[in-house]
Amino acid sequence: MKAAPQRADAGEQALANGSWVKLICGASNQDLATIGDLCALFAVAGVHCVDVAADLAVVRAAREGLDWAWERIGRRPWLMVSVSDGHDAHFRKAVFDPGLCPPDCSRPCERVCPADAIRASVGVDEQLCYGCGRCWPACPPQLIQSLDRRVGLNDLASLLHDLRPDALEIHTAPGRLNAFQATLEQVRLADVPLRRLSVSCGLEGHQVTVESLSKELWQRHQALRAFQQRPLWQLDGRPMSGDLGVGTARAAVGLWERLHRLAPPGPLQLAGGTNTATLGLLFQDGRAMGPAGVAFGGVARTLVQPFFQAAQDRGCRLRDWPDGWAQSLRAARTLIAPWLRRS
């Protein structure tokens, strides 16, 4: 897979002026009924990229939503797919046997699930679960387990060739350089031009220093150069936690503050804990410089989830419910517009 020919477009311009916004649909999110509407909604709201699971049905649903938006606004965000070079929290599903639940359990797992994926009769709906992990500690008898849902290397080249995304994200971790290079080789074999190859990594859970993480990213930079790929560095502050409050936003901003002077060339984008507090934390001291942009995942989905649920209760797509569409678009724009105004 080769780097796409360099040409000016809205995404590259946004990366250059610090107004880039990406929607993270979830690397293991397979809720097809919602993904098309989610991509359509945030495309109209103004994002520059949508990031989805590397899954044929998911990509088809995402493209259908982006096509719908294109017909109405004449603008199409990049379609990015996410893979991993090893075990990663973004590529998992929750699973448990509901028959083992104590009869008197108050089922706190249902209350904490932001995707409404847990049902008393079926346990976890795999199509709705995107692996946030909040149900694990909430389960009193600790019945819930994690199920790995990564794409294997043997299938990756052919899958990417079929998906033909605009951009790719590789989730990596310290100590996995060889696995990262093996993944890049599969990307090369796929032979599909990419606008950017995003590398997602952070400190949490890896027991390394900022300096060590910087060295890891420089190693990835050398590998990307060898494979003629243009990088986009995703700094994952606190993975899959963006709808939880200002503390997670501080984690994302703090990682950028400590790392950006040590990072290799290429735009730096915040993720992992980003929410409505992020922009204010970045510029609260009148700082002139900031990251190239931001990715919103959990906070974006949580913000509009009630409208998706109401549309499903009506038996229609969100796009086919005018009042719900208008309200959800206003909600999405409250999250996206402050970043777009930086252009």
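Residues numbered from 1 in each chain as written. Predicted model: local features only at pLDDT ≥ 70, side-chain atom pairs only at ≥ 80, totals over all residues. Heavy atoms only, no water.

## Description of helix H12 (residues 322-340)
Here is step 1: At threonine 334, H12 shows its largest bend, some 40°, and a proline, proline 338, comes one to four positions later.
Here is step 2: Three or more residues of H12 are buried, namely Gly324, Trp325, Ser328, Leu329, Ala331, Ala332, Leu335, Ile336 and Trp339.
Here is step 3: Residues of H12 that are buried sit in contact with strand S1 (20-24), helix H2 (32-45), helix H3 (56-73), helix H10 (278-282), strand S12 (293-296) and helix H11 (298-314). (Bend = angle between axes of the 7 residues up to and from the residue. Helix = DSSP H or I, 4+ residues; strand = E, 2+ residues; numbered from the N terminus. Buried < 20%, exposed > 50% of the residue type's maximum accessible area, 1.4 Å probe, protein only. Contact = heavy atoms within 4.5 Å.)

## Focus on the pattern of salt bridges
Here is step 1: The full count for this structure, using the stated rule, is 17 salt bridges.
Here is step 2: Residues participating in the shared-partner salt-bridge network are Asp37, Glu64, Arg317, Arg319 and Asp320. (Salt bridge = Lys/Arg side-chain N within 4 Å of Asp/Glu carboxyl O.)

## Side note on the sheet that holds S12
Whenever strands of a sheet pair, they do so through backbone hydrogen bonds, lying parallel or antiparallel.
Here is step 1: Here we have 8 strands rolled up into a closed barrel, ordered S1-S2-S3-S8-S9-S10-S11-S12, and parallel in their pairing. Here the strands of the sheet are splayed against their neighbours by 25° on average, with no regard to which way each runs.
Here is step 2: Note that S1 and strand S2 (residues 49-53) share 3 bridges and pair parallel. For isoleucine 24, the partnering residue across the bridge sits in S2 and is aspartate 51.
Here is step 3: Strand contacts of helix H8 (residues 210-226): strand S9 (197-201) and strand S10 (231-236), with the helix running at about 155° to S10, the strand carrying the most contacts. (Pairing = 2+ DSSP bridges. Axes fitted to C-alpha atoms, helices over the stretch in contact; angles between N-to-C directions.)

## A look at the packing of aromatic side chains
Here is step 1: Under the defined criterion, the tally for this structure stands at 2 aromatic pairs.
Here is step 2: On the numbers, 5.0 Å between centres and 70° between planes, the contact of tryptophan 68 with tryptophan 325 is edge-to-face. Here tryptophan 68, found in helix H3, pairs with tryptophan 325, found in helix H12; they are 257 residues apart in sequence, far enough to count as distant.
Here is step 3: The exposure class of tryptophan 68 is buried, given its relative accessible area of 13%. (Phe/Tyr/Trp six-rings, centres within 6.5 Å; stacked < 30°, edge-to-face > 60°.)

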